[in-house]
2 protein chains.
Amino acid sequence: MPTYSAHPTAAILIIGNEILSGRTQDTNIKFIAERLDKAGIKLLEVRVIPDDEEAIVESVNTLRANYTYVFTTGGIGTTHDDITAACIAKAFGVQLVENDEMLEILKGCHQERFNENRRRMALIPKGAVLLRNKLTVATGFNIDNVYCLAGMPTVMEASFVLLLPGLKTGVPFVSNTVTCNLREGDIAHALTKIQQAHSSVEIGSYPFYRTPPDIGVSFVMHGADPYAVNAATDAVVAMVQQFNGTFTIVRF
Amino acid sequence: MPTYSAHPTAAILIIGNEILSGRTQDTNIKFIAERLDKAGIKLLEVRVIPDDEEAIVESVNTLRANYTYVFTTGGIGTTHDDITAACIAKAFGVQLVENDEMLEILKGCHQERFNENRRRMALIPKGAVLLRNKLTVATGFNIDNVYCLAGMPTVMEASFVLLLPGLKTGVPFVSNTVTCNLREGDIAHALTKIQQAHSSVEIGSYPFYRTPPDIGVSFVMHGADPYAVNAATDAVVAMVQQFNGTFTIVRF
């Protein structure tokens, strides 16, 4: 059986007062997480922090030291609360410099509306390279293992799908889901034994209580070895049948 | 003008492989964040980490030292992947003990279905107290400044609304939103001047590009002094009018 210990790892850093105040429902985490999982890059941590220099610098430096890749979202723009580029420069100990290529793009795009506010978008950390997308002209930059993306989901998504193929990926993760009408408390011991016998597969148990009384649990078998994931799934199905449960199954 | 520097602070720790794999769209952050904001408790950090002992212990100990309150979600249950209680006990350096009150509740609730799996739900860190809700019998516990809640949104929410009134709260935060058809790049400098003149108010600028071409920006004025928030809002409205923009406004 192949081993999959060599997966690249990742963290996401959401820079956004609007998430911390509860104003905005974040969707960037799920979008990035799903795609990293399929690319075999193990997402191990997400942090959400305020638009605050100290918090950004400290988090970026911690995360970039701990993971293969760091993706930040938010704080890319022309207004006073857009401080990501300056903070990343500080975190890397490099200057914030005007990028000639970006300056030309901005002038070409905005024409007579080009001004000092928009010129600010050309400032990126020295040594960083621009990230592109098919939606907007200016959407972020990459320096070393840190990728800084817009906070706006459509723009972030358009950039992310273009940068992903350039990353070092791993064996893709896959998962199967078995949803049944049993209770966790009845099968927990049997499930533990299955987890022990299938240690290369992460087995998650997610109970639900829905109305009208629709109570049950979903088991998610997740891993990088599709044969092992299927074997664990078969064992879970057998367990559900043994407990006289009914089930549905969604395989990768 | 009153000062509001004495707000309690908070962090959320989402314990969940299902968020990191992209399987599940988290909604717990927004639910908790909104209510903390209205209660005048400043949410300053969110972390999402795997169902992993080392990650949980380290994060809990960092966050509980840095913030007034820590709310964890996930890992409360009867299956092998429910390790929050054991990890919190380890983080606090206390034993995991069987809570008599919880044991009675579980026996009473499950009757002839009570078993060793369900008995596991009665294990909480020594010194912790049970959290209750109106939906389920067993939903988490509180030890010192750490509140451990279920991951399932309905259960988490039912517990959170009952624990919130027991917290030390601050002057509530309020916010106004002005949405207009201008571009950030045109008003950035004027907005910076408004932010400087209204330093007790956090002014966020959130551009949007929607289809059909519906381009603009929302300004969010957020703070604990309602008069200051309104004054900053009035200044932003005046700015939008000065730039010949049209706008809508939502006040707290």
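Residues numbered from 1 in each chain as written. Chains lettered and ligands numbered in written order. Predicted model: local features only at pLDDT ≥ 70, side-chain atom pairs only at ≥ 80, totals over all residues. Heavy atoms only, no water.

Quick notes on the overall build of chain A
Counted only if it meets this: Think of it this way: any DSSP run of H or I at least four residues long counts as a helix, any run of E at least two long counts as a strand, and we number them from the N terminus. Using a 1.4 Å probe on the protein chains alone, a residue whose accessible area is under 20% of its type maximum counts as buried, one over 50% counts as exposed, and one in between counts as partly exposed. Here a residue-residue contact requires only that any non-hydrogen atoms of the pair lie within 4.5 Å. What sets the accessible areas is the Shrake-Rupley method with a 1.4 Å probe; for residues, cover comes only from the shown protein chains. Under this rule, positive means Lys or Arg and negative means Asp or Glu; His and the chain ends count for nothing. All charge positions are set by atom: Lys at NZ, Arg at CZ, Asp at CG, Glu at CD.
The number of helices and strands found in chain A is nine helices and twelve strands. Here the C-alpha coordinates of chain A stretch approximately 70 × 45 × 30 Å along the principal axes. Here chain A holds 252 residues, and 55% of them are scored as buried. Nonlocal contacts in chain A, meaning residues at least 24 apart in sequence, comprise 69% of its contacts between residues at least 6 apart. Element-wise, carbon and sulfur atoms account for 52% of the exposed surface of chain A, whose accessible area totals about 10900 Å². The averaged location of the 26 negative side-chain charges in chain A is 3 Å from the averaged location of its 21 positive side-chain charges.

Concerning the relation of the copies chain B and chain A
Rule in force here: Alignment of the copies relies on least squares applied to C-alpha atoms, considering only residues that score at least 70 for pLDDT in both.
With an RMSD of 0.0 Å, the fit of chain B onto chain A corresponds to turning through 180° and sliding 0.0 Å along the axis. In symmetry terms, the pair is related by a two-fold rotation axis. Ranked by how close their C-alpha atoms come to the rotation axis, the residues of chain B are headed by R47 of chain B, at 2.2 Å. Comparing interface residues between copies, 100% of those in chain B also sit at the interface in chain A, which points to an isologous, same-surface contact.

Digging into the interface of chain B and chain A
Rules: The term buried area means the drop in 1.4 Å probe accessible area that two parts suffer when joined, counted for both and summed. Salt bridges, as used here, are contacts in which a Lys or Arg side-chain nitrogen is within 4 Å of a carboxyl oxygen on Asp or Glu. Counted as a polar contact is a pair of N or O atoms within 3.5 Å, where, for protein atoms, one must be capable of donating a hydrogen and the other of accepting one, and residues adjacent in sequence contribute only when both atoms are in side chains.
At the junction of the two partners, chain B supplies 59 residues and chain A supplies 60 residues. Where chain B abuts chain A, roughly 4700 Å² becomes buried across the two surfaces, and 53% of that area is made up of carbon and sulfur atoms. At the boundary of chain B and chain A, one finds four salt bridges. Close ionic contact of R113 of chain A with D186 of chain B constitutes a salt bridge, the shortest N to O distance being 2.4 Å. Between the two partners, chain B and chain A, sit 26 residue pairs in polar contact (both at pLDDT 80 or more). Among the elements of the structure, α1 (17-20), α2 (28-38), β2 (42-49), α6 (116-119), α8 (184-197), β10 (202-210) and β11 (214-223) of chain B are those that each provide at least two residues to the side of chain B that touches chain A. Among the elements that make up the side of chain B that touches chain A, the one with the highest residue count is α8 of chain B (nine residues).

Re helix α7 (residues 153-163) of chain B
The set of residues buried in α7 of chain B consists of V155, M156, A158, S159, F160 and L163 of chain B. If you follow the buried residues of α7 of chain B, they end up packed against β10 (202-210) of chain A together with α2, β3 (69-73) and β8 (146-149) of chain B.

What about the pairing of strand β7 (residues 140-143) of chain B?
Residues and elements named next belong to chain B. Going by this rule: Two strands make a pair as long as DSSP finds a minimum of two bridges between them.
On β7, burial covers both faces: G140 and N142 on one face and F141 and I143 on the other are all buried. As paired elements, strand β6 (residues 129-130) and β7 share two bridges and run antiparallel to each other. Its bridge partner lying in β7, L130 is registered against F141. For β7 and β8, the ladder comprises four bridges, and the chain directions are antiparallel. The partner of N142 across the bridge, within β8, is Y147.

Details of the sheet that holds β2 of chain B
In space, the twelve strands of this open sheet follow the order β6(A)-β7(A)-β8(A)-β3(A)-β1(A)-β2(A)-β2(B)-β1(B)-β3(B)-β8(B)-β7(B)-β6(B), with mixed pairing throughout. Pairing within the sheet leaves two strands with one partner each, and these edge strands are β6 (129-130) of chain A together with β6 of chain B.

Brief notes about the sheet that holds β10 of chain B
Residues and elements named next belong to chain B. To keep things clear, this is the line we draw: Angular values range over 0 to 180 degrees, each being the angle between N-to-C directions of two axes fitted as lines to C-alpha atoms, with helices fitted over their stretch in contact.
One open sheet holds the four strands; their spatial order is β10-β11-β9-β12, and the pairing between them is antiparallel. Each edge of the open sheet carries a strand with a single partner, namely β10 and β12 (247-250). Neighbouring strand axes in the sheet, compared pairwise and without regard to direction, differ in orientation by 15° on average.

Structural notes on the domain arrangement of chain A
As a reminder of what qualifies: Note that the domain bounds were set by an automatic or database domain assignment.
Here chain A is partitioned into domain 1 (9-166) and domain 2 (175-250). For domain 1 of chain A and domain 2 of chain A, the distance between their C-alpha centres works out to 38 Å.

Notes on the packing of helix α2 (residues 28-38) of chain A against helix α7 (residues 153-163) of chain A
Residues and elements named next belong to chain A. Put simply, the rule reads: Roughly parallel refers to an angle under 35 degrees, roughly antiparallel to one over 145, roughly perpendicular to one between 65 and 115, and oblique to any angle outside these ranges. By definition, any crossing whose near helix is turned counterclockwise from its far helix by less than a right angle is left-handed, and any crossing with a clockwise turn is right-handed.
Where α2 contacts α7, the two axes come as close as 10 Å, and the packing angle between them is 15°. Here α7 runs roughly parallel to α2, going by the angle between their axes. Where α2 crosses over α7, the handedness of that crossing is right-handed. Of the residues in α7, those touching α2 at N28, F31, I32, R35 and L36 are P153, M156, E157, F160 and V161.

A look at the packing of helix α8 (residues 184-197) of chain A against helix α9 (residues 226-242) of chain A
Residues and elements named next belong to chain A. As a reminder, the rule being used: Note that Gly is not counted as nonpolar here; it falls among the polar residues with everything else outside the nonpolar set of Ala, Val, Leu, Ile, Met, Phe, Trp, Tyr, Cys and Pro and the charged set of Asp, Glu, Lys and Arg.
In contact at an axis separation of 10 Å, α8 and α9 are set at 155° when each is read in the N-to-C sense. The angle between the axes of α8 and α9 places the two elements in the roughly antiparallel class. Read as a crossing pair, α8 and α9 show a hand that is right-handed. In this structure, α8 contributes I187, A190, L191 and I194 to the contact, and α9 contributes A232, A235, V236 and M239. Residue composition of the contact of α8 with α9, by class: eight nonpolar, no polar and no charged.

Examining the nonpolar core
Short version of the rule: What we call a nonpolar core is a set of buried Ala, Val, Leu, Ile, Met, Phe, Trp, Tyr and Cys residues that are connected through their side-chain atoms within 4.5 Å.
Within the largest apolar cluster, 50 residues are counted, with the highest numbers of intra-cluster contacts made by L36, F71 and F160 of chain A together with L36, F71 and F160 of chain B. Formed by 30 residues, the second largest nonpolar core is a distinct cluster that contains L13, M102, L106 and A122 of chain B.

Remarks on unusual backbone geometry
All names here are of chain B. In this structure, Q111 takes a positive phi of about 50° despite not being glycine. Here Q111 is to be found in the loop between α5 (100-110) and α6. Of the residues examined, Q111 reaches a relative accessible area of 51% and is grouped as exposed. Unlike most non-glycine residues, D144 shows phi in positive territory, near 55°.

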